[in-house]
Amino acid sequence: ERMRPRTRGVLAVVMLLLAGLHTHVFMKGAPIRARQETLHAIVHSLFPQPVPYIDCCSMLPSFPKHGFFMSHKGGADYRRHAQPVMRDLLERHVPVFVLANHPWLMDAFTPMPADVSLLLQEDLDTLHNNYLPVVGQIHVAGKRLPVSLQDSQVDMLIPGPYQLQSMAPVVINDVEHPPQAVVKLPKGRLTLSSEVNQVIVLRWHTGAKPPPVGWPQGSLIPHL
């Protein structure tokens, strides 16, 4: 049976609308896909082998992601339970880096009053105290600490190889290490001291070369 002219007209309008929608979505999504490809290149240059990590939405499918899905529902469930989760997550799964690809994670690394952040203050503190920026929104396991002649102690939640950035040697658990040394640190409480007062950095050592490209400018996920 032949299609009526009116029906053909309606279908033509619908096809035009769908074509316009497809073009809009493609044009809007293309820059985000390009930024995500750049992100993947940076992550794989830093971590040639997959390691556990934290982000909002499993943006790196070949890496084991930990933490709740930061959708509207996921955030509502987290807030309803009102229980900190990050310290247990770090101790249980040992995520080596945080990809702060959502404002809820960015809050841990930028000054912001707690009453406007989704994450509980204890979770913000856990992330802030256990990760350091390395490039863009990637924060690797690490700590910035004051040390002096008097012993100080710190809890290490993420064991592994760390590079010591300091002005002078530092004694860690009774072993002296020179500046720039790569030290394999155990999980648990560390005792540190130094013959001079200084602020040191212990940053996760990937042993990788610097990323081949610069950090992509703009949102990495469509709704931001």
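Scroll up to find the structure.
Residues numbered from 1 in each chain as written. Predicted model: local features only at pLDDT ≥ 70, side-chain atom pairs only at ≥ 80, totals over all residues. Heavy atoms only, no water.

A short note on the overall build of the chain
Phase 1: When you go through the chain residue by residue, the secondary structure sums to five helices and twelve strands.
Phase 2: The buried share of the chain, taken over its 224 residues, is 41%.
Phase 3: Within the chain, contacts between residues separated by at least 24 positions form 65% of all contacts whose residues are at least 6 apart in sequence.
Phase 4: Summing over all exposed atoms, the chain offers an accessible surface of approximately 13,000 Å²; the carbon and sulfur share of this is 60%. (Helix = DSSP H or I, 4+ residues; strand = E, 2+ residues; numbered from the N terminus. Buried < 20%, exposed > 50% of the residue type's maximum accessible area, 1.4 Å probe, protein only. Contact = heavy atoms within 4.5 Å. Areas by Shrake-Rupley, 256 points an atom, 1.4 Å probe, with all protein chains shown as cover.)

Remarks on the packing of aromatic side chains
The relation between two aromatic rings is expressed through the spacing of the ring centres and the mutual angle of the planes.
Phase 1: Summed over all chains, the structure comprises six aromatic pairs.
Phase 2: Ring geometry for tyrosine 53 versus phenylalanine 63: centroids 6.3 Å apart, planes at 90°, classification edge-to-face. Of this pair, tyrosine 53 sits in strand 1 (residues 53–54) while phenylalanine 63 sits in the loop between strand 1 and strand 2 (65–66); the two residues are ten residues apart in sequence, bridging distant segments of the chain. Of the two residues, tyrosine 53 and phenylalanine 63, neither departs from the other in class, the shared state being buried.
Phase 3: A centroid spacing of 4.8 Å and a plane angle of 15° characterise the contact between phenylalanine 68 and tyrosine 78, whose relative ring orientation is stacked. With phenylalanine 68 in the loop between strand 2 and helix 2 (72–81) and tyrosine 78 in helix 2, this residue pair connects regions lying ten residues apart in the sequence. Exposure class is identical for phenylalanine 68 and tyrosine 78. Each is buried.
Phase 4: Cluster of aromatic residues (ring-pair linked, three or more members): Phe47, Tyr53, Phe63 and Phe97. (Phe/Tyr/Trp six-rings, centres within 6.5 Å; stacked < 30°, edge-to-face > 60°.)

Some details on the pattern of salt bridges
When the charged atoms of two side chains lie near each other, side chains of opposite charge can form a pair.
Phase 1: Under the counting rule described, the total for this entry stands at five salt bridges.
Phase 2: Between aspartate 155 and arginine 189 there is a salt bridge, and its shortest N-O distance comes to 3.0 Å. One end of the pair, aspartate 155, is in strand 6 (residues 152–156); the other, arginine 189, is in strand 11 (residues 188–193), with 34 residues separating them in the sequence.
Phase 3: Connected through shared salt-bridge partners, Lys73, Asp77 and Arg80 make up one network. (Salt bridge = Lys/Arg side-chain N within 4 Å of Asp/Glu carboxyl O.)

Some points on the pairing of strand 7 (residues 160–165)
Note on strand geometry: in a regular strand, side chains alternate between the two faces of the sheet.
Phase 1: Examined bridge by bridge, strand 7 and strand 10 (residues 182–185) share four bridges and lie antiparallel to one another. The residue of strand 10 that forms the bridge with tyrosine 162 is valine 183.
Phase 2: In the sheet, strand 7 pairs with strand 12 (residues 198–204) via four bridges, with the strands oriented antiparallel. Looking at the pairing, tyrosine 162 lines up with tryptophan 204 of strand 12. (Pairing = 2+ DSSP bridges.)

Here we look at the sheet that holds strand 8 (residues 170–172)
Phase 1: With antiparallel pairing, the four strands of this open sheet are ordered in space as 6-11-8-9. Edge strands, defined here as strands with exactly one partner in the open sheet, are strand 6 and strand 9 (175–177). Strand-to-strand, the axes of this sheet are offset by a mean angle of 35°, without reference to chain direction.
Phase 2: Here strand 8 runs beside strand 11; their pairing, made up of two bridges, is antiparallel. (Axes fitted to C-alpha atoms, helices over the stretch in contact; angles between N-to-C directions.)

Description of the side chain of glutamine 198
Phase 1: In this fold, glutamine 198 is placed in strand 12.
Phase 2: Of the residues examined, glutamine 198 reaches a relative accessible area of 5% and is grouped as buried.
Phase 3: A distance of 2.8 Å separates polar atoms of two side chains, one belonging to glutamine 198 and the other to serine 194.
Phase 4: Filtering out sequence-adjacent residues up to four positions away, glutamine 198 remains in contact with Leu145, Pro146, Val147, Ser166, Met167, Ala168, Pro169 and Val170. (Polar contact = N/O pair within 3.5 Å; in protein donor to acceptor, adjacent residues only side chain to side chain.)

Structural notes on the nonpolar core
Phase 1: Judged by nonpolar contacts, the single largest core of 56 residues is most densely connected at Phe47, Phe97, Leu127, Ile138, Leu192 and Leu202.
Phase 2: When residues no more than four places from it in sequence are discounted, the contact partners of leucine 192 are Leu145, Val147, Gln150, Asp151, Ser152, Val154, Val170, Val171, Ile172, Ile200 and Leu202. (Core = buried A, V, L, I, M, F, W, Y, C linked by side-chain atoms within 4.5 Å.)

Quick word on the packing of helix 3 (residues 86–93) against helix 5 (residues 121–130)
Phase 1: Interhelical geometry of helix 3 versus helix 5 gives an angle of 45° and a closest axis separation of 8 Å. As judged from the angle between their axes, helix 3 and helix 5 are oblique. Where helix 3 abuts helix 5, its residues Met86, Arg87 and Leu90 lie against Asp123, Thr126, Leu127 and Asn130.
Phase 2: When its residues are assigned to classes, the contact of helix 3 with helix 5 shows three nonpolar, two polar and two charged. (Parallel < 35°, antiparallel > 145°, perpendicular 65-115°, else oblique. Nonpolar A, V, L, I, M, F, W, Y, C, P; charged D, E, K, R; others polar.)

Let's talk about helix 2
Phase 1: Listed as buried for helix 2 are Gly74, Gly75 and Tyr78. Along helix 2, the residues classed as buried sweep out an arc of 95° about the axis, all on the same side. Exposed positions of helix 2 whose direction lies more than 90 degrees from the buried face are His72, Lys73 and Arg80.
Phase 2: Contacts from the buried residues of helix 2 go to helix 4 (103–106) and helix 5.
Phase 3: Downstream of helix 2 by a residue or two, alanine 82 has a phi angle that is positive, lying close to 55°. (Arc of directions from axis to C-beta.)

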